[in-house]
Amino acid sequence: MGLDMKNMKIQDIAPGMVTATDVLASSGHLLLPAGTKLTTRYIRMLHARDISYVAIESDEESPSPDHQAPPRPTVVPDEHVNRLMKRFQYNDLKNSFIKELVRICTSRLMDRA
Amino acid sequence: MTLTAREIVAGTVEVASLPEIFIRINEMVDNPHYSASDIGRMLSKDPAMTARLLKIVNSPFYNFPSKIDTVSRAITVIGVRELRDLVLATTVVKLFTGLPNDLVSMDSFWRHSTQCAIVARLIAAKNRELNVERFFIAGLLHDIGSLLIYRKIPELAREALLRASHNDEVLEIAERQVMGFTHADVGAELIRKWRLPKNIEEAVEYHHLPQNCHTGAKEVAVVHLANIITAAIWDTAPEPMVIPPLDPKAWEVLDLTPDDIEPMVSDAELQFEEIFSNLFTENVFKRSAS
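Read on for an overview of the structure. (Residues numbered from 1 in each chain as written. Chains lettered and ligands numbered in written order. Predicted model: local features only at pLDDT ≥ 70, side-chain atom pairs only at ≥ 80, totals over all residues. Heavy atoms only, no water.)

## Description of the pattern of salt bridges
Here comes step 1: Taken as a whole and judged by the stated rule, the model has 22 salt bridges over all chains.
Here comes step 2: Notably, a salt bridge pairs A:K86 with B:D168, separated by 3.3 Å at the nearest N-O pair. On the criterion of chain membership, the pair formed by A:K86 in helix α2 (residues 78-87) and B:D168 in the loop between α10 (154-167) and α11 (171-179) is interchain, its members lying in two chains.
Here comes step 3: The partly exposed category is assigned to A:K86, whose relative accessible area is 38%.
Here comes step 4: Among the residues examined, B:D168 registers a relative accessible area of 13% and is labelled buried. (Salt bridge = Lys/Arg side-chain N within 4 Å of Asp/Glu carboxyl O. Helix = DSSP H or I, 4+ residues; strand = E, 2+ residues; numbered from the N terminus. Buried < 20%, exposed > 50% of the residue type's maximum accessible area, 1.4 Å probe, protein only.)

Pasting the structure below:
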């Protein structure tokens, strides 16, 4: 574990990599502290915040196979969708707040699948 | 013959009153004769609490450029009322970790409560409310009545939990059928007994039914929404637990758009681990896991 680090383009970042420095938003707000192991969700958040480069600990072993992101499915399995809809059964799916919440839950299911 | 919500609170002596140190600090905050350093001196009688507070104030959420190492300095930067609310959060958490039960793991209970607290605070900040810590407290305490129910009437509590999961019912409805009152009623009764602000009491009492609250307290709408977001996003129960129904009015009274939700969820996830470990140090859950 060392001080060595390399700046990597956000497109080349993969889950399992570890941040070498704090990642700050353009506002100066802390997004991720140094030493954070990146996950698919964190990377998506960095994309959303328009972060283009991240300093990565370079002598961290490259992500082991079980840390590598599995190929991203394009559809969420039916059983997960059914379960989600069952959980929302007492809510009005046409309400704009609920609609957005269902969308976020579905996109997280895709990340997890 | 079942107990009433009031009897459940009255019968749980361990949590019947808040510790002396919080009561004293609460009085000092409301009395202009006391200064920040007086409050700092009072707090220093509890070094563990002081250390925890300073850790929280130095966390990324506050994002202060330099390290804050004394309570009186913490008061000058976050304000005396916010500090009181932080003291309250740490006090309540400490009080309840001594009250384990066999029905629900304390770890998952406090995870849900902390997530709800963080989301409530983010919603309040986005809606430009003053004193966002009060929203954090209201979120943290919204289900606190459940802990008393699990402890005092575990058989009925288990029946309500089983009924809710078997029939895909909202827990509150199952509780009303089985016990005649809900965790929200018990929680509000406890907050009343503790003489905490009315808005917090209402947020706890009406977090499932904001339409029944007529004072228009923002805390009620915010905690209602925060609880729904938390239940939907961080679904950790193995069985499908239904998401409580939204009262559309609660969403309409706030100055938010659907696009605000996802960034709040990301922010909440970034803040969670640190806040959770600051509030719940050591191995407080070891003996209470079910």
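## Quick notes on the interface of chain A and chain B
Here comes step 1: On the chain B side, the residues contacting the 28 residues of chain A number 35 residues.
Here comes step 2: At the boundary of chain A with chain B, total buried surface from both sides reaches about 2600 Å², with 56% on carbon and sulfur atoms.
Here comes step 3: If you sort the residues of chain A by the area they bury against chain B, A:R87, A:Y90 and A:F97 come out on top, with a joint share of 29%.
Here comes step 4: The tally of links between chain A and chain B comes to 5 salt bridges.
Here comes step 5: The salt bridge partner of B:E262 is A:R44, with a shortest N-O separation of 3.7 Å. (Contact = heavy atoms within 4.5 Å. Buried area = accessible area lost by both parts, 1.4 Å probe.)

## Some words on the environment of A:A55
Residues and elements named next belong to chain A.
Here comes step 1: Following the sequence through the fold, A55 ends up in strand β4 (residues 53-57).
Here comes step 2: Residues A55 and R41 lie 14 residues apart in sequence; the distance between their C-alpha atoms is 18 Å.
Here comes step 3: Not counting chain neighbours up to four residues away, the residues in contact with A55 comprise M5, K6, N7, V18, T19, A20 and T21.

## Points about the packing of helix α4 (residues 47-57) of chain B against helix α5 (residues 71-78) of chain B
Residues and elements named next belong to chain B.
Here comes step 1: Direction vectors running N to C along α4 and α5 enclose 40°, while the axes themselves pass 10 Å from each other. Regarding α4 and α5, the two cross each other, and that crossing is left-handed. Contacts between α4 and α5 involve T50, L54 and V57 on the former and, on the latter, V71, A74 and I78.
Here comes step 2: When its residues are assigned to classes, the contact of α4 with α5 shows 5 nonpolar, 1 polar and no charged. (Axes fitted to C-alpha atoms, helices over the stretch in contact; angles between N-to-C directions. Left-handed = near helix turned anticlockwise from the far one by under 90°. Nonpolar A, V, L, I, M, F, W, Y, C, P; charged D, E, K, R; others polar.)

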